[in-house]
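This is what each chain is made of:
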Amino acid sequence: MLLINRINSFYDDVQVLRDLSLDVHEGEVLCLLGRNGAGKTTTLKSIMGIVPPRSGEIMLDDTALHLLPPHEIAGQRVGYVPQGRRLFPQLTVAENLKIGDYARHTADSQRERVLSLFPVLKARLKQKAGTLSGGEQQMLATGRALSVDPVLLLMDEPTEGLQPSMIQLIRDVIIGLKKEGVTTIVVEQRVDAVLQIADRVAFVENGTVPMVVNASELADSDALINRYVGVSHQPLAHGDPPS
Ligand SMILES: Nc1ncnc2c1ncn2[C@@H]1O[C@H](COP(=O)(O)OP(=O)(O)OP(=O)(O)O)[C@@H](O)[C@H]1O
Ligand SMILES: [Mg+2]
């Protein structure tokens, strides 16, 4: 569904992604795991065309995303929830949702669908985004990404800084979208959260993906997590803490 073939991405003259390849299957939830600075966010930004790769290819089915400008990539029904939400704090909830809509002029029905997923937003349409709570801001960032009626959804640490009930809500949204056939790539630091929703896990290290495994394989072993994420990260909920 999404095929990333040996992309190389840079910030000015500093190379961050190195021949990164990834094959994302239709309808799956794929999790990107890796240490800070490994290149997870840059991978999502490269897919979105915000940091366009200098070489390599990104194919969404038959569409060459790497040849399109960012707004046309969103127009291919790719939704993006950036790390740290990236809302427009001075704009209202309604205006932020509308901005998510710009590429496709989605029908009112899609907006209603988004608001029914996050009823809290419905009551706050006129409130400035900057005055929302952290959890409400994450709902808005997610709702904005859903405005494009995505076939592919990219989420960068959506549960960062959220309390358990909000984490559960975000998870439920991902699971609900999966049932509708949406493909999701989610960056997560919390290994226990990942294993509950991911079909597969791609490890990111030094700007490349050395290994992709089924999530069920990870449940039995801390070794891979220790290797690619590090012992400082949360151990598996049901496993022994890393020694
Ligand atoms: N705008 C930028 N300009 C220059 N370098 C950048 C920029 N954004 C990221 N980098 C560098 O690119 C590398 C990869 O960063 P990236 O944000 O993709 O990592 P990450 O895996 O998402 O990390 P984290 O888990 O901390 O979010 C890092 O060395 C980072 O310092
Ligand atoms: Mg990041």
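Residues numbered from 1 in each chain as written. Chains lettered and ligands numbered in written order. Predicted model: local features only at pLDDT ≥ 70, side-chain atom pairs only at ≥ 80, totals over all residues.

Participant: Which residues make up the nonpolar core, and what values do they have?
Facilitator: Counting 58 residues, the largest nonpolar core has C31, L33, L140, L154, V201 and A202 as the members making the most contacts within it. Each of two domains, domain 1 (1–38 + 58–77 + 151–160 + 171–232) and domain 2 (87–149), supplies a minimum of three residues to this core. (Core = buried A, V, L, I, M, F, W, Y, C linked by C-beta atoms within 7 Å. Buried ≥ 20, exposed ≤ 12 C-beta atoms within 10 Å, placed from the backbone. Domains from an automatic or database assignment.)

Participant: Go over helix α6 (residues 134–146) with me, naming the residues and quoting the values.
Facilitator: The end-to-end C-alpha distance of α6 is 18 Å, a good match for the 18 Å that 13 residues give at a rise of 1.5 Å each. Burial analysis of α6 places 10 of its 13 residues in the buried class, which makes it a mostly covered element. Within the span of α6, buried status applies to Q137, Q138, M139, L140, A141, T142, G143, R144, A145 and L146. (Helix = DSSP H or I, 4+ residues; strand = E, 2+ residues; numbered from the N terminus. Expected span 1.5 Å × (residues − 1).)

Participant: Lay out the packing of α6 against helix α7 (residues 164–179) with the relevant residues and their values.
Facilitator: At a minimum axis separation of 10 Å, α6 and α7 run at an interaxial angle of 10°. In terms of their interaxial angle, α6 and α7 are classed as roughly parallel. For the pair α6 and α7, the contacting residues are G135, Q138 and T142 in the first and M166, I170 and V173 in the second. Looking at side-chain class alone, the contact of α6 with α7 contains three nonpolar, three polar and no charged residues. (Axes fitted to C-alpha atoms, helices over the stretch in contact; angles between N-to-C directions. Parallel < 35°, antiparallel > 145°, perpendicular 65-115°, else oblique. Contact = placed C-beta atoms within 7 Å. Nonpolar A, V, L, I, M, F, W, Y, C, P; charged D, E, K, R; others polar.)

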